[in-house]
Amino acid sequence: MSTLEQDLRRELAQAGDTGEPRASAAREEALRALTAGVRRARVRRVASIAGAGLSIACIGVVLVLALPRGAEEGAPSGNTVASKPFPSVSVLDRPGTNEDRLLDAGDAGDFVDLGTARRVAATPRNVFFAVAGRRAGTYCVLATRRSPSLLGTGPGTVIRTVASGCAGPGALEQLGIVATWQVWESRTHIGAIVPDGVTAVRIGTRTIPVRGNAFVVVWPGVVPSRITLVGPSAALVADSESGHGRLEDGTPTVTVPFTAGTDQSPAPDFSAGLRGHSIVSVVATPSGRRLTRAGNSIPAAYGMAWRVTVLNGGDFVESNVPVVAVLRYPGARPLVRRAEIAMSEPGKRMNIRLRGPSSDEALLGDRGTLEIRVAPAEGEQNTANNRVVYPVTITFG
């Protein structure tokens, strides 16, 4: 009798299920997998095998017996290894509810599909959403806050996105985590998502459970630069610099860089190729007037903003690209607005919104200048198109 067959019999006996039909079926499945080229197998301990359908997934050279969601001993529900190719984030597949409704992507802008947003975790300060990017394999974590409803928009509160962290294709496979954060009163509120099969994380001396592909933590002081992922999928994280290991009970672990709030994709090689952005257009909203260098008369309105279209004219995906708007009047303090493009793809145009002047800040009837600039990328050779200046006069609406 093979070692695998002995293990299967022992697991069934420990669960109180010694029925010959079930043992034979499991043995036949395992032997078929072995015949197909699987040389070694490890049977994971389970809390209960009675009544559960066995499914066999081959990952590398390890034969994993995967139970239905929540059946594995000690694992929070929703974190067993999925049948999908690694990495997968199953929380995005669950049906949406009213709690998942999110209309504001913040700096992530047009790069994410807000229809996929799922609320995954919260701290006393922030509510975190997992969102799929429009490009396959891209994931974002959005940190939101509930704010008092603005005048004229109705009673109650509104949810707005205040921070985002995104990872391009391959980042989850390489580093296994996407995170974002906000600092509030000397504490850092962190939210992150991990693939299926990561059941806990260790930051410093703290162990934090993962539920629904997500975890949150409020961290005092400096956030550690490394984090350890715990669970079956930790063994599949592919970063060559990662530290793979195992707990005393055999559970796989992997220690990876942890840079909350930033794109964690491996740094690309920029030794060849072009990098950088250019400003395509600026439109004043809600009037919808496209600005020109000749002069612009813009009617004052509640919620005025600048919609800036930026083109990635380089050969590389860029992340966390700063965009700045500066409105200047003679003798007055400049009014500065800042935002970031979470991710931009080569040859693609992106729209980003920067808040305009309020009714108290605009000098109605006075001629001013609006400067829009996008930060140059490292190694960008042509920066002349990173900045435009428009003469503007905000008039009574």
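What counts, and where the lines are drawn
Residues numbered from 1 in each chain as written. Predicted model: local features only at pLDDT ≥ 70, side-chain atom pairs only at ≥ 80, totals over all residues. Heavy atoms only, no water. pLDDT = per-residue confidence, 0-100. Contact = heavy atoms within 4.5 Å. Core = buried A, V, L, I, M, F, W, Y, C linked by side-chain atoms within 4.5 Å. Buried < 20%, exposed > 50% of the residue type's maximum accessible area, 1.4 Å probe, protein only. Helix = DSSP H or I, 4+ residues; strand = E, 2+ residues; numbered from the N terminus. Polar contact = N/O pair within 3.5 Å; in protein donor to acceptor, adjacent residues only side chain to side chain. Salt bridge = Lys/Arg side-chain N within 4 Å of Asp/Glu carboxyl O. Pairing = 2+ DSSP bridges. Axes fitted to C-alpha atoms, helices over the stretch in contact; angles between N-to-C directions.

Considering every residue of the protein, the mean pLDDT works out to 75; 71% of them sit at 70 or more. Confidence drops under a pLDDT of 50 for residues 30–82, and excluding neighbours within four residues, the segment shows 97 contacts in the predicted structure. Segment residues 149–156: pLDDT under 50, and eight contacts once partners within four positions in sequence are set aside and those in other chains are kept.

What follows covers the nonpolar core. The biggest cluster of nonpolar side chains holds 29 residues, and the ones touching the most others in it are Val282, Leu291, Trp306, Val308, Ile341, Leu370 and Ile372. The set of elements that each furnish at least two residues to this core consists of strand S15 (277–285), strand S18 (305–312), strand S19 (318–328), strand S20 (335–344), strand S21 (349–355), strand S22 (367–374) and strand S23 (387–395). If we ignore the near neighbours within four places in the chain, the residues touching Val308 are Ile279, Ser281, Val282, Met350, Asn351, Ile352, Leu354 and Ile372. Core analysis: the next-biggest nonpolar cluster, separate from the first, contains 22 residues, Ala179, Ala192, Val201 and Val210 among them.

So, on to the side chain of His277. Note on placement: His277 falls in strand S15. Side chain to side chain, His277 and Ser344 meet in a polar contact 2.8 Å long. With residues up to four places along the chain from it excluded, the contact list for His277 reads Val310, Leu311, Asn312, Gly313, Glu318, Val321, Ser344, Met350, Val374, Glu380, Asn385 and Asn386.

Attention now goes to the pattern of salt bridges. Counting across every chain of the model gives seven salt bridges. Close ionic contact of Arg328 with Glu371 constitutes a salt bridge, the shortest N to O distance being 2.8 Å. With Arg328 in strand S19 and Glu371 in strand S22, the pair connects residues that are 43 residues apart, well separated along the chain. By relative accessible area, Arg328 is classed as partly exposed at 35%. In this structure, Glu371 engages Arg387 in a salt bridge whose closest nitrogen and oxygen atoms are separated by 2.8 Å. One end of the pair, Glu371, is in strand S22; the other, Arg387, is in strand S23, with 16 residues separating them in the sequence. On the basis of relative accessibility, which here comes to 6%, the residue Glu371 falls in the buried class. Ionic contacts of the salt-bridge type, sharing partners, join the residues Arg328, Glu371, Arg373 and Arg387 into one network.

Another aspect to go through is the environment of Arg289. Along the chain, Arg289 falls in strand S16 (residues 289–290). Setting aside residues no more than four positions away along its own chain, Arg289 makes contact with Val282, Val283, Ala284, Ser297, Ile298 and Pro299. A polar contact of 2.5 Å, which involves the side chain of Arg289, links it to the backbone oxygen of Ser297.

What the three strands build is an open sheet, ordered S7-S8-S11; its pairing is antiparallel. Two strands bound the open sheet, and with one partner strand each, they are strand S7 (178–184) and strand S11 (214–220). In this sheet, adjacent strand axes meet at a mean angle of 15° when their direction is disregarded. Relative to S11, strand S8 (residues 187–193) runs antiparallel, the two being bridged by seven bridges.

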